[in-house]
Amino acid sequence: MTLTELRYIVTLAQEQHFGRAAERCHVSQPTLSVGVKKLEDELGVLIFERTKSAVRLTPVGEGIVTQAQKVLEQAQSIRELAQAGKNQLAAPLKVGAIYTVGPYMFPHLIPQLHRVAPDMPLYIEENFTHVLRDKLRTGELDAIIIALPFQEADVLTKPLYDEPFYVLMPAGHPWTAKKTIDSQMLNDKSLLLLGEGHCFRDQVLEACPTTRKGEAPSHTTVESSSLETIRHMVASGLGVSILPLSAVDSHHYSAGVLDIRPLTPPVPFRTVAIAWRASFPRPKAIEILADSIRLCSVGKPPVAKD
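With that settled, consider helix H1 (residues 3-15). The end-to-end C-alpha separation of H1 is 18 Å, in line with the 18 Å expected for 13 residues at 1.5 Å each. Buried within H1 we find Glu5, Leu6, Tyr8, Ile9, Val10, Thr11, Leu12 and Ala13. Phi turns positive one or two residues past the end of H1, at Gln16, with a value near 55 degrees.

Across the interface, helix H5 (residues 102-116) lies against helix H10 (residues 283-296) with an axial gap of 9 Å and an inter-helix angle of 130 degrees. As judged from the angle between their axes, H5 and H10 are oblique. Read as a crossing pair, H5 and H10 show a hand that is right-handed. From H5, Met105, His108, Leu109, Gln112, Leu113 and Val116 reach across to H10, where they touch Ile288, Leu289, Ser292, Ile293, Leu295 and Cys296. Of the residues contributing to the contact of H5 with H10, the split by class is nine nonpolar, three polar and no charged.

Attention now goes to the pattern of salt bridges. Per the stated rule, a full pass over the model turns up 14 salt bridges. Residues Glu15 and Arg20 are paired through a salt bridge, measuring 3.3 Å at the closest nitrogen-oxygen approach. Residue classification places Arg20 among the partly exposed positions, given a relative accessible area of 41%. Linked by salt bridges that have partners in common, Glu15, Arg20, Arg24 and Glu140 make up one network.

The next point concerns the pairing of strand E5 (residues 143-147). Among the five residues in E5, five count as buried, and that is most of the element. Of the two faces of E5, the one holding Ala143, Ile145 and Ala147 and the one holding Ile144 and Ile146 are both buried throughout. In this structure, strand E3 (residues 93-98) lies alongside E5, joined through three bridges in parallel fashion. Pairing of Val95 across the sheet is with Ala143, part of E5. Where E5 and strand E11 (residues 269-277) come together, five bridges link them in antiparallel fashion. Residue pairing in the sheet places Ile145 in a bridge with Ile274 of E11.

Our next topic: the nonpolar core. Counting 38 residues, the largest nonpolar core has Val101, Leu109, Ile144, Ile145, Ile146, Leu289 and Ile293 as the members making the most contacts within it. If you list the elements that add at least two residues to this core, you get E3, H5, helix H6 (129-138), E5, strand E6 (155-170), E11 and H10. Considering every element that reaches this core, the biggest residue donor is H10, with seven residues. In contact with Ile146, other than residues within four places in its own chain, are Ile98, Thr129, Leu132, Thr271, Val272, Ala273 and Ala275. Within the second largest apolar cluster, 19 residues are counted, among which are Leu6, Ala21, Val36 and Leu39.

Rules behind the numbers
- Residue positions within a chain follow its written sequence, with the count starting from 1.
- Only residues with pLDDT of at least 70 are given local features in this predicted model, and only at 80 or more are side-chain atom pairs given and counted; all residues enter the totals for whole chains, interfaces and linings.
- Side-chain numbers here rest on the full set of heavy atoms in the structure, without hydrogens or water.
- Where helices and strands are cited, they refer to DSSP runs of H or I of at least four residues and of E of at least two residues respectively, numbered from the N terminus.
- The length a helix should cover is 1.5 Å for every residue beyond the first.
- For every residue, the accessible area obtained with a 1.4 Å probe (protein chains only) is divided by the maximum for its type, and the residue is called buried under 20%, exposed over 50%, and partly exposed between those limits.
- Here an axis means a line fitted to C-alpha atoms, over the contact stretch when the element is a helix, while the angle between two N-to-C directions is reported on a 0 to 180 degree scale.
- Roughly parallel covers angles under 35 degrees, roughly antiparallel covers those over 145, roughly perpendicular covers 65 to 115, and oblique covers all other angles.
- Should the near helix be turned anticlockwise from the far one by less than a right angle, the crossing is left-handed, and should it be turned clockwise, the crossing is right-handed.
- In this analysis, two residues are considered to be in contact whenever any of their non-hydrogen atoms come within 4.5 Å of each other.
- Note on residue categories: nonpolar means Ala, Val, Leu, Ile, Met, Phe, Trp, Tyr, Cys or Pro, charged means Asp, Glu, Lys or Arg, and polar means any other residue, Gly included.
- Each reported salt bridge corresponds to a side-chain nitrogen of Lys or Arg within 4 Å of a carboxyl oxygen of Asp or Glu.
- Strand pairing is assigned whenever DSSP detects at least two bridges linking the two strands.
- By nonpolar core is meant a set of buried Ala, Val, Leu, Ile, Met, Phe, Trp, Tyr and Cys residues that side-chain atoms within 4.5 Å join together.

Interpretation in functional terms is not warranted from these geometric data alone.
So this is what it looks like as structure tokens:
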């Protein structure tokens, strides 16, 4: 039994597809298949149930994969502990961010980190919250930038800033005559939303009481995979949308194409936070990252809660 074989079965359990799992492990599909089969033969049990259309964990496989993930986390901790006595700002830092934060933060964060920690190589990734969560647990990422709420065992979180939501509309839209937009009004027009899996979509739905998840909206909903695609849809006159403050001015449209209005108080907002494993042995790197994010953000410090 090797750590490599344990990584194979954990990745295969997450992807439920040999090809995608092999790609994530940077090996060929036959290599991954042989490694999984070798471990199953050694243990004398089937970890996966294989069909032509799916790969599923067996009941005993679920327990094995859970334990394998813990072993991988401990192995990663050993590697990180070996770095603890060295310069904490010299080893690479692997940072992930959700899709609705990364494109607007990374262009400012990367040069800032290079200024304050020039010897710390940086790896960045954008993904969904659940994917970032898995990669943080397995050590593929050192820290992730997500929106609260976020809870995970043995993972620490620190709120960084609060970011209000704004209404985006085509220039000349009747609502441009208003100073603020009541969230109830968003049900009278087509609302362009991110697709399923984006936490910002859920936060927008929470801000619009009569469009909560599971209820049939009274308007036409067009779903997109990115905020930038939504911005293009709004510019084309397909409807209105809601953006976080950081995305409001991140575009190259000339004046007279788009208009933005704040929502009527109490203005909905999201709290952006950083999360990292409690066992991560480079607190100085996390501190530098958190300070740099705050410096680069357009939001306000989070409101203290009693």
